[in-house]
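Single-letter residue listing:
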Amino acid sequence: MNQAFLRPDVKETADWIRDKVSENDFFNSEHIVRYLTRRIFSMEDIRQVLLSGTILEIHSHPLRSDAFLVLGAANGEPVHVVCTRDRDDNLIILYAYHPSMPTWQDEKTRTEVKGQAMDARQNAKQRTCFFCNSEIEPITVGNFDFRWEGDLYVIKKVPAGLCVQCGEKYISAEASEKIVEKIEKEAFIEKDEVRVFDYER
Ligand SMILES: [Zn+2]
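Predicted model, so just to flag it, every value in this text is computed and none were measured.

Q: Would you mind showing me how to read the pattern of salt bridges here?
A: Any two side chains of opposite charge can pair, on the condition that their charged atoms come close. This model, assessed by the stated rule, comprises nine salt bridges. In this structure, Arg47 and Glu44 form a salt bridge, with 3.2 Å as the shortest nitrogen-oxygen distance. In this pair, Arg47 and Glu44 are both assigned in helix H4 (residues 43-52), three residues apart and thus about one turn of the helix distant. Owing to a relative accessible area of 43%, Glu44 belongs among the partly exposed residues under this scheme. Among the charged side chains, a network of salt bridges with common partners joins Lys11, Asp15 and Arg18.

Q: Explanation requested: the domain arrangement of the protein in the structure shown.
A: Frequently, the measure chosen for interface size is the accessible area removed from exposure when the parts meet. Each domain of the protein was delimited in the assignment, giving domain 1 (8-109) and domain 2 (120-184). Computed over C-alpha atoms only, the centres of domain 1 and domain 2 are separated by 24 Å. Across the contact, twelve residues belong to domain 1 and eleven residues belong to domain 2. One can count zero salt bridges joining domain 1 with domain 2. Where domain 1 touches domain 2, the interface holds five residue pairs in polar contact (both at pLDDT 80 or more). Residues of the side of domain 1 that touches domain 2, tallied by class, amount to six nonpolar, four polar and two charged.

Q: How do you make sense of the nonpolar core when you look at a structure like this?
A: Most often, soluble globular proteins have nonpolar side chains that are buried together. Core analysis: the biggest nonpolar cluster contains 34 residues, and Ile17, Leu50, Cys83, Leu91, Ile93 and Cys166 have the highest contact counts within it. Of all the secondary-structure elements, those providing two or more residues to this core are helix H2 (10-22), helix H3 (30-37), H4, strand S2 (54-61), strand S3 (64-74), strand S4 (77-85) and strand S5 (91-97). Residue contributions to this core reach at least three from each of two domains, namely domain 1 (8-109) and domain 2 (120-184). Setting aside its immediate chain neighbours within four residues, Ile17 contacts Leu50, Ile55, Val70, Cys83 and Leu91. With nine residues, the next largest nonpolar core counts Phe146, Ile155, Val158 and Ala160 among its residues.

Q: Help me out: how do you make sense of the environment of Phe41 in this one?
A: Along the chain, the position of Phe41 falls in the loop between H3 and H4. Between the C-alpha atom of Phe41 and that of Tyr199, which follows or precedes it by 158 residues, the distance is 21 Å. Setting aside residues no more than four positions away along its own chain, Phe41 makes contact with Tyr35, Leu36, Ile46, Val79, Ala96, Tyr97 and His98.

Q: I'm lost on the packing of aromatic side chains in this one. Help?
A: Geometrically, a pair of aromatic rings is defined through the distance of the ring centres and the angle of the planes. Across all of its chains, the model carries five aromatic pairs by this definition. Between Tyr95 and Tyr97 the ring centres are 6.1 Å apart and the planes differ by 20 degrees, which places this aromatic pair in the stacked class. Tyr97 carries the same exposure label as Tyr95, and that label is buried. Measuring from centroid to centroid gives 5.7 Å for Phe144 and Phe146, while their planes differ by 40 degrees, and the two rings are tilted. The pair Phe144 / Phe146 is uniform in exposure class, with both members buried. The structure contains a cluster of three or more aromatic residues connected by ring pairs, namely Phe144, Phe146, Tyr153 and Phe188. A cation sits over an aromatic face here: Arg85 above Trp16, 4.1 Å from the ring centre.

Q: How should I be thinking about the packing of H2 against H4 in this particular structure?
A: Geometrically, a packed helix pair is captured by the angle between its two axes and the distance between the axes. Two elements in contact, H2 and H4, have axes whose closest approach is 8 Å; the angle formed by their N-to-C orientations is 145 degrees. Pair H2 / H4 crosses with left-handed handedness. Contact with H2, carried on its side by Ile17, Arg18, Val21 and Ser22, involves Arg47, Leu50 and Leu51 of H4 and no other residues of that element. In the contact of H2 with H4, the residues fall into four nonpolar, one polar and two charged.

Q: Honestly, a nonpolar patch on the surface in this entry has me stumped. Any pointers?
A: Together, Leu152, Val154, Val194 and Val196 give the surface a local cluster of nonpolar side chains, amounting to about 370 Å² of exposed area. On the secondary structure map, Val194 appears in the segment after helix H6 (173-184).

What counts and what doesn't
Residues numbered from 1 in each chain as written. Predicted model: local features only at pLDDT ≥ 70, side-chain atom pairs only at ≥ 80, totals over all residues. Heavy atoms only, no water. Salt bridge = Lys/Arg side-chain N within 4 Å of Asp/Glu carboxyl O. Helix = DSSP H or I, 4+ residues; strand = E, 2+ residues; numbered from the N terminus. Buried < 20%, exposed > 50% of the residue type's maximum accessible area, 1.4 Å probe, protein only. Domains from an automatic or database assignment. Contact = heavy atoms within 4.5 Å. Polar contact = N/O pair within 3.5 Å; in protein donor to acceptor, adjacent residues only side chain to side chain. Nonpolar A, V, L, I, M, F, W, Y, C, P; charged D, E, K, R; others polar. Core = buried A, V, L, I, M, F, W, Y, C linked by side-chain atoms within 4.5 Å. Phe/Tyr/Trp six-rings, centres within 6.5 Å; stacked < 30°, edge-to-face > 60°. Lys NZ or Arg CZ within 6 Å of the ring centre and 35° of its normal. Axes fitted to C-alpha atoms, helices over the stretch in contact; angles between N-to-C directions. Left-handed = near helix turned anticlockwise from the far one by under 90°. Patch = residues over 30% accessible without salt bridge, like charges linked within 9 Å, V, L, I, M, F, W, Y side chains within 5 Å. Areas by Shrake-Rupley, 256 points an atom, 1.4 Å probe, with all protein chains shown as cover.

Okay, here's the thing in structure tokens:
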């Protein structure tokens, strides 16, 4: 079969995204919900970008649906929103960020990675972000929160890799094991109050 036949039509996809957004018929990833609650972006920003933006890149993956990188603007600032169309024809908003160095020279241009620099990076075992292909920087996460069998845990000072562009965090196998071990030993240093909300009330 002709491979080109499988490529999604950019115009058709852009129209489909705009229709879905106008009808407020889409889903947000947990990543986006975290951005909303931290007020990095508002729902209106995301809608604005998708309604007025253009598809800058299509990322194809053999095992997943194509992801569309949409360039638009919110509050006068360029914003990239990455979304996908799942098998049931749903629009899923995956993540959003302000394009910046070192990944983006400007909102339309990725920074050129020279062959040699790429080799050096691979030799140093440095990885790029699975989601947005940007650089990952080592950081220490002040409060790393996650759930384990329904309970909420916060681990302080966790070493992690942070994507400089989309904010995704990566935890090494070693650090992950240490976290699990601490939980199993119930090695808490303190207990804190948690605010619980009921979505329905
Ligand atoms: Zn990323």
